[in-house]
Amino acid sequence: MNLCVEQKLQDILSSSLQDTTIRFAGIRIWEDEAAPSDDICTVHTVLEGRRPAALLLHADRAFLVRLAQAIMHQSVLSTRDVEDVATEYFNIVCGRVVAGLFEADHVSACFQSPCFKPGRYLPKTDSTCRCILNYAGGDHERMQLTYLGLCANEHGANA
């Protein structure tokens, strides 16, 4: 990926994640060098179209709980509530990413329904097209947004 395309992609990913987080949860996040802790969850999907890719959000469990509390306006939530909010939040982020890609390069894409997994999940791929952005929140929670370009034969499964 050339530098100009990579910077556009980073800008789209970053603004999609930061804007969605502040708008829907009132939580400010910023780019940071530190990766998430060991107590993380993954929300992921596959972007389909001319340039297939996997999009993954690895987030500290504490961030996902705070996100769900802010969105649902409740302090006590079930594990299922946290998973549902995280999945819907990522669904919105992905919609903004797809819109940003189309606006920047007229590349149309759609995405599969996001999936939630406890722990760190990374699809098996030989992709050399990677974009990894790390973020921190006000309570020192960490998250990482990863874009992995996929070969045409790699994007069929979202498991």
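Scroll up to find the structure this text is about.
Note that the structure is predicted; figures quoted are calculated from it, not measured.

## Thoughts on the overall build of the chain
Link 1 in the chain: Scanning the chain for helices and strands turns up 3 helices and 7 strands.
Link 2 in the chain: Mapped in sequence order, the helices and strands of the chain form the string α-β-β-β-α-α-β-β-β-β.
Link 3 in the chain: Principal axes of the C-alpha set define a box for the chain whose edges measure 45 × 30 × 25 Å.
Link 4 in the chain: Within the span of the chain, comprising 159 residues, buried residues form 44% of the whole.
Link 5 in the chain: In the chain, the proportion of contacts linking residues at least 24 apart, taken out of those at least 6 apart, comes to 72%.

## Focus on the pattern of salt bridges
Link 1 in the chain: A full pass over the atoms with the stated rule returns 9 salt bridges.
Link 2 in the chain: For the salt bridge of Arg-96 with Asp-19, the shortest nitrogen-to-oxygen distance reads 3.2 Å. Here Asp-19 lies in helix H1 (residues 3–25) and Arg-96 lies in helix H3 (residues 79–105), a separation of 77 residues in the sequence.
Link 3 in the chain: Residue classification places Arg-96 among the partly exposed residues on the basis of a relative accessible area of 27%.
Link 4 in the chain: Across the pair Asp-84 and Arg-80 runs a salt bridge, and its minimum N-O distance is 3.2 Å. Of the two residues, Asp-84 and Arg-80 both sit in helix H3, 4 residues apart, roughly one turn of that helix.

## Let's talk about unusual backbone geometry
Link 1 in the chain: Located in the positive-phi region is His-73, a residue other than glycine, with phi close to 55 degrees.
Link 2 in the chain: Looking at the secondary structure, you find His-73 in the loop between helix H2 (61–72) and H3.
Link 3 in the chain: For His-73, a relative accessible area of 71% gives the class exposed.
Link 4 in the chain: Here His-140, not a glycine, exhibits a phi torsion of approximately 65 degrees, which is positive.
Link 5 in the chain: One can find His-140 in the loop between strand S6 (130–137) and strand S7 (142–149).

## Structural notes on the nonpolar core
Link 1 in the chain: Among the nonpolar cores identified, the biggest contains 36 residues, and Leu-13, Leu-17, Phe-63, Leu-64 and Met-143 are the most heavily contacted of them.
Link 2 in the chain: Among the secondary structure elements, those contributing two or more residues to this core are H1, strand S2 (40–49), strand S3 (53–60), H2, H3, S6 and S7.
Link 3 in the chain: Considering every element that reaches this core, the biggest residue donor is H3, with 10 residues.
Link 4 in the chain: Non-local contacts of Phe-63, meaning those with residues more than four positions away in its chain, are made with Thr-21, Ile-27, Ile-29, Tyr-89, Glu-141 and Met-143.
Link 5 in the chain: If you look at the next biggest cluster of nonpolar residues, it comprises 6 residues, including Ala-54, Leu-56, Tyr-121 and Leu-150.

Conventions and cut-offs
- Residues numbered from 1 in each chain as written.
- Predicted model: local features only at pLDDT ≥ 70, side-chain atom pairs only at ≥ 80, totals over all residues.
- Heavy atoms only, no water.
- Helix = DSSP H or I, 4+ residues; strand = E, 2+ residues; numbered from the N terminus.
- Buried < 20%, exposed > 50% of the residue type's maximum accessible area, 1.4 Å probe, protein only.
- Contact = heavy atoms within 4.5 Å.
- Salt bridge = Lys/Arg side-chain N within 4 Å of Asp/Glu carboxyl O.
- Core = buried A, V, L, I, M, F, W, Y, C linked by side-chain atoms within 4.5 Å.

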